[in-house]
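Listed below are the residues making up each chain.
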Amino acid sequence: MKSAFLPDRSVIKVAGEDARNFLNGLITTDVDRLKPGLGRFGALLTPQGKIIADFLITEVPAGHGGGFLIDCPKALAEGLATKLKFYKLRAKVTVENLDLGVLAAWDGQLAAQPDLAFADPRNDALGYRILIPEDLKQKLSDLIGAELVDAAGYEAHRIALGVPRGGLDFMYSDAFPHETNMDRLAGVDFDKGCYVGQEVVSRMQHRGTARTRSVKVLLDDLSPEAGVSILAGDKAVGTMGSSAQGKGIALVRIDRVADALDAGQPLTAGGLTVRLAEPDVVRIPLKQPTA
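The structure displayed is predicted, hence computed values, not measured ones. (Residues numbered from 1 in each chain as written. Predicted model: local features only at pLDDT ≥ 70, side-chain atom pairs only at ≥ 80, totals over all residues. Heavy atoms only, no water.)

## What about the layout of surface pockets?
Then, number 1: One number sums up the size of the largest pocket: a volume of about 320 Å³.
Then, number 2: As for the largest pocket, its lining consists of 21 residues, and the residues nearest its centre are D8, R9, P73, R165 and G166.
Then, number 3: Contributions of two or more residues to the lining of the largest pocket are made by β4 (51-59), α2 (74-88) and α4 (151-161).
Then, number 4: Considering every element that reaches the lining of the largest pocket, the biggest residue donor is α4, with four residues.
Then, number 5: Grouping the constituent residues of the lining of the largest pocket by class yields 11 nonpolar, one polar and nine charged.
Then, number 6: Volume-wise, the second largest pocket comes out at about 270 Å³.
Then, number 7: F170, D174, T212, T239 and L251 are the residues nearest the centre of the second largest pocket, which is lined by 16 residues in total.
Then, number 8: Looking at the lining of the second largest pocket element by element, the count peaks at four residues for strand β13 (residues 235-244).
Then, number 9: A class-by-class count of the residues in the lining of the second largest pocket yields eight nonpolar, four polar and four charged. (1 Å grid on protein atoms, 1.4 Å probe; cavity = no way out; pocket = protein on both sides within 12 Å on 5 of 7 lines; lining within 4 Å. Points joined across faces, edges and corners; volume = space filled by probe spheres on them. Helix = DSSP H or I, 4+ residues; strand = E, 2+ residues; numbered from the N terminus. Nonpolar A, V, L, I, M, F, W, Y, C, P; charged D, E, K, R; others polar.)

Okay, here's the thing in structure tokens:
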């Protein structure tokens with residue numbers, strides 16, 4: 001088993017007697033289904049349905065003070081905490097940034113179950129998340145029976161699984177949950193009550209209007225830089241995201257890529273060949289609107 005401390009992650013705590021209902025009315029995941037030792041994937045959206053921040057969330061055991069911990073991108077932590085405070089109004093809720101980070105562990109089972117640990121709900125192969133101070137990363141790795149490696153090892157693992165990362169594979173405040181595959185990564189609960197942006201997300205689900213998607217790609221010896229346009233001939237069909245060890249993630253217009261594949265046009269980014277790891281993913285029939 002391998003583990004890596006992720007320097008790009010931070011932890012926010014939301015607590016108080018109204019915390020569960022407060023979060024449930026804001027984010028895409030059903031907080032009522034959370035419990036200690038369980039994690040869920042979700043996001044806070046704009047009213048227009050675009051992602052402000054995506055994150056993993058878990059419930060804190062009562063013995064540790066209760067409340068909820070949000071494992072989020074470090075670059076967004078301060079802004080996310082401020083946004084949550086803005087929404088709280090008269091709710092009996094506290095929001096604070098904690099001096100905790102995230103240890104990811106994968107390729108095996110935990111030899112011990114630490115506090116504040118949970119399985120990554122996006123993909124079983126992503127393994128586990130453990131919320132700890134950075135100075136405990138070696139001690140915790142030894143406890144769970146994992147070899148501590150550099151965060152680049154985890155990044156390569158994430159990319160190989162095709163799990164998008166905000167800021168690299170899509171831009172915050174510019175992407176809908178469907179475009180980043182949150183609907184396929186257990187990041188949106190369509191049966192829960194209302195939350196910010198819910199009407200737009202539900203409409204996209206109902207009408208099948210998500211024509212832009214994150215997809216896995218295969219690369220040759222060199223990798224295009226993140227942000228480079230993906231072309232079919234001279235027509236832009238997407239944008240390259242993160243890459244490692246001959247694999248990558250791209251944000252593409254699936255209809256345009258399907259047309260290019262049907263026409264036998266190769267895809268390129270920065271003059272380098274890009275191939276879809278799963279070509280059929282762009283051929284999923286779009287849902288038709290229902291009366």
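## Some details on the confidence of the model for the protein chain
Then, number 1: Mean pLDDT over the protein chain works out to 94, with 97% of the residues at or above the 70 mark.
Then, number 2: Note on residues 286-291: pLDDT is under 50 here. Beyond four places in sequence and across chains, it has eight contacts. (pLDDT = per-residue confidence, 0-100. Contact = heavy atoms within 4.5 Å.)

## Quick look at the side chain of D54
Then, number 1: When you line up the elements, D54 lands in strand β4.
Then, number 2: As a buried residue without a salt bridge, D54 has its nearest oppositely charged side chain in R9, at a separation of 5.5 Å.
Then, number 3: For D54, the side chain forms a polar contact with the side chain of Y172, separated by 2.6 Å.
Then, number 4: The contact partners of D54, leaving out residues within four places of it in the chain, are F41, G42, A43, C72, P73, F170 and Y172. (Buried < 20%, exposed > 50% of the residue type's maximum accessible area, 1.4 Å probe, protein only. Lys, Arg positive; Asp, Glu negative; His and termini not counted. Salt bridge = Lys/Arg side-chain N within 4 Å of Asp/Glu carboxyl O. Polar contact = N/O pair within 3.5 Å; in protein donor to acceptor, adjacent residues only side chain to side chain.)

## As for helix α6 (residues 254-262)
Every α-helix carries 3.6 residues per turn, so stepping three or four residues along brings you back to the same face.
Then, number 1: Among all positions of α6, only I254, V257, A258 and A260 are buried. Down the axis of α6, the sector holding all buried residues measures 160°, keeping them to one side. Opposite the packed face of α6, turned more than 90 degrees from it, sit the exposed residues D259 and D262.
Then, number 2: As for α6, its buried residues are in contact with β11 (212-219), β12 (229-232), β13, β14 (247-253), β15 (267-269) and β16 (272-276).
Then, number 3: Of the residues one or two after α6, G264 is the one with positive phi, at around 75°. (Arc of directions from axis to C-beta.)

## Quick look at empty space enclosed by the protein
Then, number 1: Within this structure, the stated rule accounts for one cavity of 30 Å³ or more.
Then, number 2: One number sums up the size of the largest cavity: a volume of about 30 Å³.
Then, number 3: In terms of lining residues, the largest cavity is bounded by F41, D54, P164, F170, T180, M182 and L185.
Then, number 4: Grouping the amino acids of the lining of the largest cavity by side-chain chemistry returns five nonpolar, one polar and one charged.

## A word on the pattern of salt bridges
Then, number 1: A full pass over the atoms with the stated rule returns 17 salt bridges.
Then, number 2: Between R213 and D183 there is a salt bridge; the shortest N-O distance is 2.8 Å. Here R213, found in strand β11, pairs with D183, found in the loop between α4 and α5 (198-207); they are 30 residues apart in sequence, far enough to count as distant.
Then, number 3: One salt-bridge network, held together by shared partners, links D8, E155, R158, R165 and D169.

## Section: the sheet that holds β13
Then, number 1: Strand order in the closed barrel made by the six strands is β11-β14-β13-β12-β15-β16, with antiparallel pairing throughout. Direction aside, neighbouring strands of the sheet carry axes that sit 40° apart on average.
Then, number 2: Lying on the sheet, α6 is in contact with β11, β12, β13, β14, β15 and β16; it crosses β14 at an angle near 105°. (Pairing = 2+ DSSP bridges. Axes fitted to C-alpha atoms, helices over the stretch in contact; angles between N-to-C directions.)

## Digging into unusual backbone geometry
Then, number 1: For L89, which is not glycine, the phi dihedral falls at a positive 50°.
Then, number 2: Its location among the elements puts L89 in the loop between α2 and β6 (94-98).

## With respect to the nonpolar core
Then, number 1: Core analysis: the biggest nonpolar cluster contains 29 residues, and L6, I51, L131 and Y154 have the highest contact counts within it.
Then, number 2: Residues within four places of Y154 in sequence aside, it is in contact with A4, L6, A104, W106, D120, R122, L126 and R129.
Then, number 3: Residues A19, L44, F68 and V196 belong to the second largest nonpolar core, which totals 23 residues. (Core = buried A, V, L, I, M, F, W, Y, C linked by side-chain atoms within 4.5 Å.)

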